[in-house]
Amino acid sequence: MNNSSVVMKSDVSLRRNLSDYNFMLVIDTDSCDDMKSDIKKELNNLGYLKESSVYSFKDTKSTNRDYLRKQGYISSAYYEDVSPEVIINSDEKCVFTLADNDHICITAYDFGKNLRDIYEKCLTIEEKLNDKLNFAFDIDFGYLSDDFYDSGCMMNVSVCMNLRALEYFKKIDDIQDIARYRGYMFERAFNSNTKSSIYRLTTNGHLTDPEYIINDMTLLIDSISRKEIENRRILFENNPEFKDDLLRSVSMLKYSRVLDEIEGMNRIGDLLIAIDFGIVDGFNVDEILDLYDKTNKLTLEKFRENNNLNQNIGVLRSEIIKDTLERQVKNWENQIFIIWELKLCMRRLVWSMLILEWSMFYLRCSSLTSRRLNIWKNTVEIMKKLEI
């Protein structure tokens with residue numbers, strides 16, 4: 001088993017302010033527009049605006065605003081004069097929030113991947129932008145914000161985990177106590193009324209050393225993942241209903257007509273567990289993890305708009321998941337058929353080699369027998385001539 005069935009999504013965000021502009025607390029509308037133009041120009045030069053979705057707070061419908069808030073891409077503050085923008089690049093798995101609490105928030109995310117890799121990816125983007133935009137930085141206080149106590153590394157980290165077994169054995173409180181003791185927040189990813197075993201671990205408050213935070217959170221995540229995997233094995237060996245629930249989730253993904261986002265995430269999480277236990281075959285884990293991104297609300301709305309579709313989002317989500325699973329199983333079956341054909345060809349080749357070997361042996365024996373007969377005939381003739 002590996003962490004990809006436990007760690008669902010990891011986000012690392014770096015918040016920055018440009019030296020050439022006032023902080024968001026006192027910036028005027030025209031300067032804010034110029035600041036956003038400067039940032040978007042550099043994002044475009046670096047290729048991050050290509051194939052991106054841009055959401056302006058003023059022009060985005062309220063349901064999408066709420067969704068962006070829940071994802072942590074935008075704050076819950078109300079904006080009257082300044083309109084934040086969220087730029088999402090699903091191909092590069094990065095998000096840029098402009099003119100929110102800070103001039104720019106750079107977020108890198110991925111699914112089932114190592115937190116260190118995501119942090120370094122975010123840091124690389126930040127360094128590229130800093131070369132052109134010149135972020136506000138002080139040698140004593142770090143990166144600067146309009147809130148003195150918020151200055152420093154200005155980093156946020158969020159990790160979503162599927163802790164089905166730990167929840168079943170009622171061990172979530174222990175994990176929560178450990179996380180709080182180390183200075184992190186640990187809570188359900190969705191409200192308590194939602195049936196889900198997905199939990200979110202996040203940084204809490206002022207951070208000074210990003211390297212320490214990444215290393216410490218990585219150790220904590222690995223520890224939680226090991227405990228979850230150990231408890232899954234116990235649950236799998238002692239509770240037949242657990243296996244049945246996993247298979248039911250796989251069937252729901254294959255045959256359901258409508259799936260909401262939370263149910264889809266839960267079912268995909270169960271599919272990954274089923275793959276880990278070897279209950280189902282033929283699925284590519286990386287492609288399954290990508291379904292988290294392909295089936296979120298904003299991605300599906302963009303897909304529906306680009307393809308002029310009128311389908312319900314839940315129906316569209318279900319169809320994309322079914323098509324992905326069917327294609328993977330078909331590819332797997334084709335690979336199995338090709339392997340079977342190769343094995344059959346190898347068997348035929350081996351038999352052909354054996355037949356050839358026996359034929360050569362028979363020819364050698366026949367040739368030897370023929371020579372012996374000729375010698376015997378010659379010997380008999382000589383004896384007759386000598387009248388022996």
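Calculation notes
Residues numbered from 1 in each chain as written. Predicted model: local features only at pLDDT ≥ 70, side-chain atom pairs only at ≥ 80, totals over all residues. Heavy atoms only, no water. Core = buried A, V, L, I, M, F, W, Y, C linked by side-chain atoms within 4.5 Å. Buried < 20%, exposed > 50% of the residue type's maximum accessible area, 1.4 Å probe, protein only. Helix = DSSP H or I, 4+ residues; strand = E, 2+ residues; numbered from the N terminus. Pairing = 2+ DSSP bridges. Phe/Tyr/Trp six-rings, centres within 6.5 Å; stacked < 30°, edge-to-face > 60°. Lys NZ or Arg CZ within 6 Å of the ring centre and 35° of its normal. Salt bridge = Lys/Arg side-chain N within 4 Å of Asp/Glu carboxyl O.

Chemist: Give a description of the nonpolar core that names residues and reports values.
Modeler: Residues Phe96, Leu129, Met155, Met161, Leu163, Phe186 and Leu201 are the most contacted members of the largest nonpolar core, which totals 52 residues. Within the second largest apolar cluster, 44 residues are counted, among which are Leu68, Ile88, Ile198 and Leu271.

Chemist: So, the pairing of strand 1 (residues 7–16): which residues are in play, and what are the values?
Modeler: For strand 1, the tally of buried residues reaches ten of ten residues, placing the bulk of the element in the interior. Summarising the sheet, strand 1 and strand 8 (residues 155–162) pair through seven bridges and their orientation is antiparallel. By the bridge assignment, Ser13 is partnered in strand 8 with Asn156.

Chemist: Tell me what's going on with the pairing of strand 10 (residues 198–203), and back it up with residues and numbers.
Modeler: In regular strands, side chains alternate between the two faces of the sheet. Burial runs high along strand 10: five of the six residues are buried. As paired elements, strand 8 and strand 10 share five bridges and run antiparallel to each other. Directly across from Cys160, in strand 10, lies its bridge partner Arg200. Here five bridges tie strand 9 (residues 184–188) to strand 10, and the two strands are oriented antiparallel to one another. Residue pairing across strands places Glu187 opposite Arg200, the latter belonging to strand 10.

Chemist: Account for the packing of aromatic side chains, with residues named and values stated.
Modeler: By the definition in use, this model includes eight aromatic pairs. Look at Tyr48 and Phe96: their rings are 5.4 Å apart centre to centre, the planes differ by 55 degrees, and that puts the pair in the tilted class. Remark: Phe96 occurs in strand 4 (residues 94–98) and Tyr48 occurs in the loop between helix 1 (29–45) and strand 2 (53–56); sequence separation between them is 48 residues. Consider the rings of Phe236 and Phe277, whose centres lie 4.2 Å apart with planes at 10 degrees: the pair is stacked. You can see Phe236 sitting in helix 6 (residues 210–238) and its partner Phe277 sitting in helix 8 (residues 261–277), a full 41 residues away along the chain. The ring of Tyr109 has Lys9 lying over it, and the distance from NZ or CZ to the ring centre is 4.9 Å. In this structure, Arg16 is placed above the aromatic ring of Tyr143, and the distance from its NZ or CZ to the ring centre is 3.6 Å.

Chemist: Lay out the pattern of salt bridges in plain terms, naming residues and giving numbers.
Modeler: The final tally for this structure, using the stated rule, is 21 salt bridges. The shortest N-O distance in the salt bridge between Glu126 and Arg16 comes to 3.0 Å. Taken together, the residues span a long stretch of sequence, with Glu126 in helix 3 (residues 115–133) and Arg16 in strand 1 at a distance of 110 residues. Residue Arg16 is classed as buried on the basis of its relative accessible area of 3%. Where Asp286 meets Lys113, a salt bridge forms, and the shortest distance between an N and an O atom there is 3.8 Å. Pair noted here: Asp286 is in helix 9 (residues 285–294) and Lys113 is in the loop between strand 5 (104–111) and helix 3, with a separation of 173 residues, a long-range link. Given the relative accessible area of 47%, Asp286 is considered partly exposed. A relative accessible area of 37% means that Lys113 is categorised as partly exposed. By sharing partners, the salt bridges in this structure join Arg164, Asp244, Asp245, Arg248 and Asp270 into a single network.

On their own, these measurements won't tell you what the molecule is for.
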